[in-house]
Amino acid sequence: MNKLISIIGLGSVGLVSAVVFASKGYKVVGVDNDVDKVRAVNNGRCYLSEPGLDVLLRDVVSKGFLRATTDVLEAVKESDAVVIAVPTPVRDGIADLSYLRDALESVRRGLHRGLLVVIESTIPPGTTAGFAKSLLEESGLRVEEDFYLVHVPERIAPGRAVEELLNMPRVVGGVGLRSTEKAVELYSRVNPKLLTTDATTAEFVKLAENTYRDLNIAYANLLAVLAEKLGIDVYEAIRLANTHQRVHIHMPGAGVGGSCLTKDPYMLISVDPDFWGSELVKVARRINDYMPIHTVEIVEKALREAGLEINSARITVLGAAYKGGVSDTRESPSKHIVGELIKKGSKVIVYDPYTSETFGGERSLSLEDAVKDSDAIVIVTDHPEFKNIDLDVIGRIMRHKIIIDGRRVIEPYQAVKHGFRYYGVGFGRAYRL
């Protein structure tokens, strides 16, 4: 347990990894150029909303197992293993590897014999064995002989990060067998469910997983749009279709957010962007990107049928986070929905119990204040708190009782029973009194 690990990048993945490695007895140095994050870690203060992470962080810092620094070169020089967990955004369909390049160049300057270099960042297939290997070998040291290089894609979801890092099977892919063995030795102390392969396959697997999910959601969203045309409930249709043992359709919604599903499909098709079959992935992305726009279209329809104009409406948006139960707002559908409603002249009030983000709307600190005198509620995030809304209470303080449900948080029949006009993504019946 005397190994020292440096984690480069203290974003959500990096911080969770640093804390969990430290909780298993490793000495860990978290590295980031964000002074506020470094200071927070050293003070035992958690800046992520993750169940159990704050307690673990305070514990490992107080015991001296985790510290943070901005000095990446010194951290690399004294480490036995370096884990790179920096962002790899996609811009105009192309992966931006500038953060990864910067991290690898820092590692190259401090590279020494016996060092294990792990890339956890999501990257295009071939990056580890190609770009990363070549850059690091500019040091004069050779992979598999002097140092080791491996890709271990992260497999954690906001809200379950600690649990999944400990229990979700991890794919470990080295550029050679010795690299894979060294990585297995390191990670097995944290998670015994390790699946070994080569680096390029490991990169491909991560992208295949997330692209599958994006494609499945796109199909569900396509069904939702078609169900609206037919005047049926897509949730009922999907529930019935999923009783077939070989069918598992995801659920539709107001859009797809987060840092993975919105970019990983583009990394996958970058392998052969000219292949006509790549259009499948691009069309799925277009469908999912369209859903926030479609949600606004439903809002316009609901207001119009109630005799209201969108340019003078007061609209409450419930949820800024991209998924329920977390504070993560990256690529949230709410950003696009709020922005479009404001563009159309609506007064938009945003309430989210997990984050202060409003995307330009007016922030409310309580549900009651958010819906007071509102013409319509748009539910964008499936937070647990929204599933227990007292419809009688909010109905009495709204100006008009209209719900546009982007996540099937409210049971349509219950909403109508309490006097609401109910509209939803994939809900073609548009129930109302």
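So, how was this worked out
- Residues numbered from 1 in each chain as written.
- Predicted model: local features only at pLDDT ≥ 70, side-chain atom pairs only at ≥ 80, totals over all residues.
- Heavy atoms only, no water.
- 1 Å grid on protein atoms, 1.4 Å probe; cavity = no way out; pocket = protein on both sides within 12 Å on 5 of 7 lines; lining within 4 Å.
- Points joined across faces, edges and corners; volume = space filled by probe spheres on them.
- Helix = DSSP H or I, 4+ residues; strand = E, 2+ residues; numbered from the N terminus.
- Core = buried A, V, L, I, M, F, W, Y, C linked by side-chain atoms within 4.5 Å.
- Buried < 20%, exposed > 50% of the residue type's maximum accessible area, 1.4 Å probe, protein only.
- Arc of directions from axis to C-beta.
- Contact = heavy atoms within 4.5 Å.
- Polar contact = N/O pair within 3.5 Å; in protein donor to acceptor, adjacent residues only side chain to side chain.

A.B. asks: Residue-level account of the layout of surface pockets, with values.
C.D. replies: Taken as a whole, the second largest pocket encloses approximately 230 Å³ of empty space. Taken together, 13 residues make up the lining of the second largest pocket; nearest its centre are Glu228, Lys229, His294, Ile298 and Lys301. For the lining of the second largest pocket, the secondary-structure elements that each account for two or more residues are α9 (199–230), α12 (279–305) and β16 (421–424). Broken down by element, the lining of the second largest pocket gets its largest block of residues, five residues, from α12.

A.B. asks: With reference to specific residues and values, describe the nonpolar core.
C.D. replies: It is characteristic of soluble globular proteins that their nonpolar side chains tend to be buried jointly. Ranked by internal contacts, the top residues of the largest apolar core, which has 40 residues, are Phe21 and Leu66. Ala224, Val296, Ala302 and Ala313 belong to the second largest nonpolar core, which has 34 residues in total.

A.B. asks: Lay out helix α2 (residues 35–42) in plain terms, naming residues and giving numbers.
C.D. replies: Those residues of α2 that fall on the buried side of the exposure criterion are Val38, Ala40 and Val41. Relative to the axis of α2, the buried residues are bounded by an arc of 160° and lie together on one face. Its buried side turned inward, α2 meets α1 (12–23), α3 (53–62) and β3 (66–69). Capping the start of α2, Asp34 holds a side-chain oxygen 2.9 Å from the backbone nitrogen of Asp36, two or three residues further along. One or two residues past the end of α2 sits Gly44, with phi positive at roughly 70°.

A.B. asks: Can you break down unusual backbone geometry residue by residue, with the values?
C.D. replies: Not every positive phi belongs to a glycine, and Glu144 is a case in point at roughly 75°. Positive phi is not limited to glycine here, since Arg408 has a value of about 50°.

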